[in-house]
Amino acid sequence: MSGLAERLAEVRARMAAACARVGRAPESVTLVAVSKLKPGALIREAYAAGQRDFGENYAQELRDKAVELADLEGLRWHAIGPLQTNKVKYVAKVAHAYHALERLEVAQELSRRRLDAPLPCQVEVNVGGEASKSGLSPEALGPFLDAVRALPGLRVEGLMSLPPPTEDEAVARGYFRTLRELARKHGLPGLSMGTTHDFELAIEEGATLVRVGTALFGERG
Ligand SMILES: *Cc1c(COP(=O)(O)O)cnc(C)c1O
């Protein structure tokens, strides 16, 4: 045993406390356990402790783990990393959701492969300006949403962001609020934001999905 069940319980308790501070129901936030670069055995352990949503960044790793863990009924894979068009097929085949949509070409290819079961997506936005590397600018978001909402194999549910790390709580809240305001402006209910470093702040600012890796699985290599 690795202590994973205890860490899961602790993260869930911290999530519930953050919800309570702002009068939200604990069920309004989904914990996505980010298992990238961690072995399947740890995912099994988390699953045994009741965790069902897992996040992976790399398409081939997701493909391989989905095969290795195919016996875990009800497990939901969230693809959370950038995608190259030629790797879309791995994600389209097994993903319950995609959190990092930011390229029309990828959206079109995902849609083409999910006509039978539209894929829930979060569109990635760069709310950190120059300090963030990925995501659409807030200005580019409207036209992009118009384009992807027309695709039959996708269901755009919300926005996602991975703001640059900061120790300044006000700055972190500012990033999350910007994302929340953009989602509201565009009529989207979902907000995928918050990692190990800042998931409680993200929940206080409205996150519906938090993506937590290190606090559950430990440091990555
Ligand atoms: C790795 C990763 C996470 C998890 O980060 P931790 O700091 O380990 O909690 C969340 N979101 C994305 C997009 C990631 O790449």
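Under the annotation held in an unreviewed UniProt entry, the protein carries the name Pyridoxal phosphate homeostasis protein and is attributed to Melittangium boletus DSM 14713. Of the protein, the UniProt comment under Cofactor (unreviewed entry) reads exactly: "pyridoxal 5'-phosphate". The UniProt entry for the protein carries the following comment under Function (unreviewed entry): "Pyridoxal 5'-phosphate (PLP)-binding protein, which is involved in PLP homeostasis."

(A) Just the pairing of strand β3 (residues 76–79), in detail. When strand β2 (residues 53–56) meets β3, the two strands line up parallel, connected through four bridges. Note that in β3 the partner of E56 across the bridge is A79. As for the winding sense of the linkage, the β-α-β connection from β2 through helix α3 (residues 59–68) to β3 is right-handed. The parallel pair β3 and strand β4 (residues 95–101), bridged by helix α4 (residues 88–94), forms a crossover whose chirality is right-handed.

(B) Layout of the environment of A16. Its location among the elements puts A16 in helix α1 (residues 4–21). On a C-alpha basis, the gap between A16 and W77 in space is 23 Å, while along the polypeptide they are 61 residues apart.

(C) Summary view of the nonpolar core. Formed by 67 residues in total, the largest nonpolar core has its most connected members in Y98, L101, L110, V123, L159, V210 and L216. Setting aside chain neighbours within four positions, we find V210 in contact with M15, V29, T30, L31, V32, M193, G194, F199 and I203.

(D) View of the packing of aromatic side chains. For the coordinates displayed, the defined rule picks out one aromatic pair. Between F54 and W77, the ring centres sit 6.3 Å apart and the planes meet at 55°, which makes this aromatic pair tilted. Here F54 is found in strand β2, whereas its partner W77 is found in strand β3, with 23 residues between them in sequence. Across the ring face of Y90, the terminal group of R63 is positioned such that the distance to the ring centre comes to 4.5 Å. A cation over an aromatic ring shows up here: K89 above the ring of Y90, its NZ or CZ 5.0 Å from the ring centre.

(E) Spatial organisation of the site of the ligand. The environment of the ligand is made up of 13 residues, and the closest members are K36, N57, T196, T214 and R220. Between the ligand and K36, the relevant distance is 2.7 Å, taken from an oxygen atom to a side-chain nitrogen or oxygen of the residue. Here T214 contributes a side-chain N or O atom positioned 2.6 Å from an oxygen atom of the ligand. Isolated, the ligand exposes 390 Å² of accessible area, and the fraction of that covered by the protein chains is 88%. Its residues assigned to classes, the shell around the ligand shows five nonpolar, five polar and three charged.

About the criteria used
- Residues numbered from 1 in each chain as written.
- Predicted model: local features only at pLDDT ≥ 70, side-chain atom pairs only at ≥ 80, totals over all residues.
- Heavy atoms only, no water.
- UniProt positions renumbered as here; feature names shortened; annotations may be inferred.
- Pairing = 2+ DSSP bridges.
- Helix = DSSP H or I, 4+ residues; strand = E, 2+ residues; numbered from the N terminus.
- Right-handed = clockwise from strand over helix to strand, strands pointing away.
- Core = buried A, V, L, I, M, F, W, Y, C linked by side-chain atoms within 4.5 Å.
- Buried < 20%, exposed > 50% of the residue type's maximum accessible area, 1.4 Å probe, protein only.
- Contact = heavy atoms within 4.5 Å.
- Phe/Tyr/Trp six-rings, centres within 6.5 Å; stacked < 30°, edge-to-face > 60°.
- Lys NZ or Arg CZ within 6 Å of the ring centre and 35° of its normal.
- Near = heavy atom within 4 Å.
- Polar contact = N/O pair within 3.5 Å; in protein donor to acceptor, adjacent residues only side chain to side chain.
- Areas by Shrake-Rupley, 256 points an atom, 1.4 Å probe, with all protein chains shown as cover.
- Nonpolar A, V, L, I, M, F, W, Y, C, P; charged D, E, K, R; others polar.

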